[in-house]
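# Tertiary structure, described
For reference, the chains in residue letters:
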Amino acid sequence: MFSRRIAVVGAGYVGLTTGACLASLGHSVVCADTNVEKVKRLRSGRVTILEPGLEKLLVEGMAAGRLEFAASAREAVSVPDKPVEVLFLCVPTPMGATGAADLGPVAAVAREVRDLLPSGCVVVNKSTVPVGTAEATRRLLGRKDVAVVSNPEFLREGSAVEDFLHPDRIVVGCDAQDAAEKVAALYSKLGAPAVLTDAASAEMVKYAANCFLSMKLSYVNALAELCERLGADVADVTEGMGYDRRIGQAFLQPGPGWGGSCLPKDTHALLQVAAGVGLDFSLVAASLATNDRQRTLMVDKIRTAVGGDLAGQQIGLLGLAFKAGTADLRGSPALAVAAELHAQGAVLTGYDPGVPEGVPGVTDAVRVVDDPSMAAKDAAALVVLTEWPEFRALDWRALSSVVAERVVVDTRNLLDSDVLRRAGFSWIGVGRR
Ligand code: UDX
Ligand code: UDX
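Residues numbered from 1 in each chain as written. Chains lettered and ligands numbered in written order. Predicted model: local features only at pLDDT ≥ 70, side-chain atom pairs only at ≥ 80, totals over all residues. Heavy atoms only, no water.

Nonpolar side chains tend to gather and get buried jointly when the protein is soluble and globular. Grouped together as the largest cluster of nonpolar side chains are 41 residues, with contacts concentrated most on Leu22, Phe88 and Tyr187. Look past the residues within four positions of Tyr187 in its chain and what remains in contact with it is Leu22, Phe88, Lys126, Asn151, Phe164 and Ile170. The next biggest cluster of nonpolar side chains, apart from the first, holds 31 residues, and it includes Ala224, Val299, Leu335 and Ala338. (Core = buried A, V, L, I, M, F, W, Y, C linked by side-chain atoms within 4.5 Å. Buried < 20%, exposed > 50% of the residue type's maximum accessible area, 1.4 Å probe, protein only. Contact = heavy atoms within 4.5 Å.)

Attention shifts here to the packing of helix H12 (residues 282–305) against helix H13 (residues 333–343). Where H12 meets H13, the closest approach of the two axes is 9 Å, and the angle between their N-to-C directions is 55 degrees. Viewed along their axes, H12 and H13 adopt a mutual orientation that is oblique. The handedness of the crossing between H12 and H13 is right-handed. Facing H12, whose interface residues are Arg295, Met298, Val299 and Ile302, H13 presents Pro333, Ala336, Val337, Glu340 and Leu341. (Axes fitted to C-alpha atoms, helices over the stretch in contact; angles between N-to-C directions. Helix = DSSP H or I, 4+ residues; strand = E, 2+ residues; numbered from the N terminus. Parallel < 35°, antiparallel > 145°, perpendicular 65-115°, else oblique. Left-handed = near helix turned anticlockwise from the far one by under 90°.)

The parallel open sheet is built from six strands, whose spatial order is E11-E10-E9-E12-E13-E14. This sheet does not close on itself; its edge strands, each paired only once, are strand E11 (366–369) and strand E14 (426–428). Ignoring which end each strand starts from, the neighbouring axes of this sheet average 25 degrees apart. Pairing geometry for strand E10 (residues 347–351) and E11, over four bridges, is parallel. Counterpart to Thr349 in the pairing with E11 is Arg367. Of the strands in this sheet, strand E9 (314–318), strand E12 (381–384), strand E13 (407–410) and E14 touch H12, which is tilted by about 170 degrees from E13. Docked against the sheet, H13 engages E9, E10 and E11, running at close to 155 degrees with respect to E10. (Pairing = 2+ DSSP bridges.)

Further remarks concern the pattern of salt bridges. Evaluation of the coordinates by the stated rule reveals 23 salt bridges. For Glu68, the salt bridge goes to Lys82, with nearest N and O atoms at 3.0 Å. A residue pair is termed long-range when its members are at least 10 positions apart, and Glu68 in strand E3 (residues 67–70) and Lys82 in the loop between helix H4 (73–76) and strand E4 (86–89) qualify at 14 residues. Between Lys206 and Glu153 there is a salt bridge, and its shortest N-O distance comes to 2.9 Å. In this pair, Lys206 sits in helix H9 (residues 199–230) while Glu153 sits in the loop between strand E6 (147–150) and helix H7 (160–165), placing the two residues 53 residues apart along the sequence. (Salt bridge = Lys/Arg side-chain N within 4 Å of Asp/Glu carboxyl O.)

Have a look at this one:
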């Protein structure tokens, strides 16, 4: 396979994974980030995000001379004798005040590099951006000899490297066929099916997929509530549904609501773009409303479990991250539930295997500790908010002797209720009989 000279701008979850994985496929990659401290750490071979396999790829790529770092996009595209053939945009596209994606960072990078890119270079948008951004980026660049391609990422945090190296599909969109093929060829070693389409359709795929996943989860959470009211068991119901290959077993776990830095943002953004063209996409709106409601339902459940009033109640939280396998707190449903518990007067101590004491980003509502028994101490209830498998293996007998009341509210249906009961706890799940 031939290798390309690639610049990746934005060395966050998406960009760093993309850069390190492309280097592992044999390409020569420079990752740029405006965060000087981050660049310094990366140059010394250290990754601060919790992403299995990423640090190994980083160290290997650097040792092989295929991965380097730059403190700006300008620097990345100006390395002498290494003209950039493909430039990936992996900068944030946060949700603006209206719910629409904020394209400021994408536009800023486009302006920074537009006069520096060699002729024939391809700019690839990997950030999740509204339909039409490839076209807008092309206009911002103002270069007829530089194509803009949309190549959405489908990486899940906590398994981003695995997802990159074993993708279900590669989606590449561009109105110039040769540019799309050039980008698809970067991944040829992976042997994944490639969907080559126009830029607008490729941009739409990402929103369509993430929004579908969020609707699947809202559906399951609403179903869990219905099961509770009707005396059915959601675990059996979803298992029974999931065997239908058209539905599948994945993404059928009820929880405290879905979160993270992508699903909520993309779902809001899809609603916005639909509204922008006069379409009332009420299905998507209902999915968002169901998600908000889910958090409230969990708080109600916890309040009932401690006797009907949260004021002054000591609650131990197990899990703070938005899902297991990551330390990421952005858009965490656990923190949303915590904020509401706090607002109702509960006193919160939280433990998360990925989140050390004193980590920035946790609300003042929670005192973070580095041991589950400290979270359990004197608690009127323990609440599982993130589905870390290690919570299953906790010494529940030992915990039963430090809590004030032996009550566990398991918003993830994670724990083995028999083990809990044997340890003297009453276990309250979601949608379970
Ligand atoms: C982000 C977006 O949230 C997502 O929608 C998009 O698909 C990809 O980029 P993520 O990688 O998780 O996802 O973001 P983050 O971890 O915040 O990383 C972004 C990086 O870009 C940060 O390291 C930041 O320092 C850097 N950055 C930001 C730049 O280098 N230049 C900028 O102008 C802005
Ligand atoms: C998501 C998409 O899955 C990925 O394809 C995209 O590129 C980025 O956004 P990620 O944000 O890492 O990935 O999280 P994901 O694994 O999708 O989980 C999102 C939320 O749904 C989490 O809060 C998680 O706990 C919740 N979830 C997931 C459930 O509540 N139940 C499930 O069965 C699955």
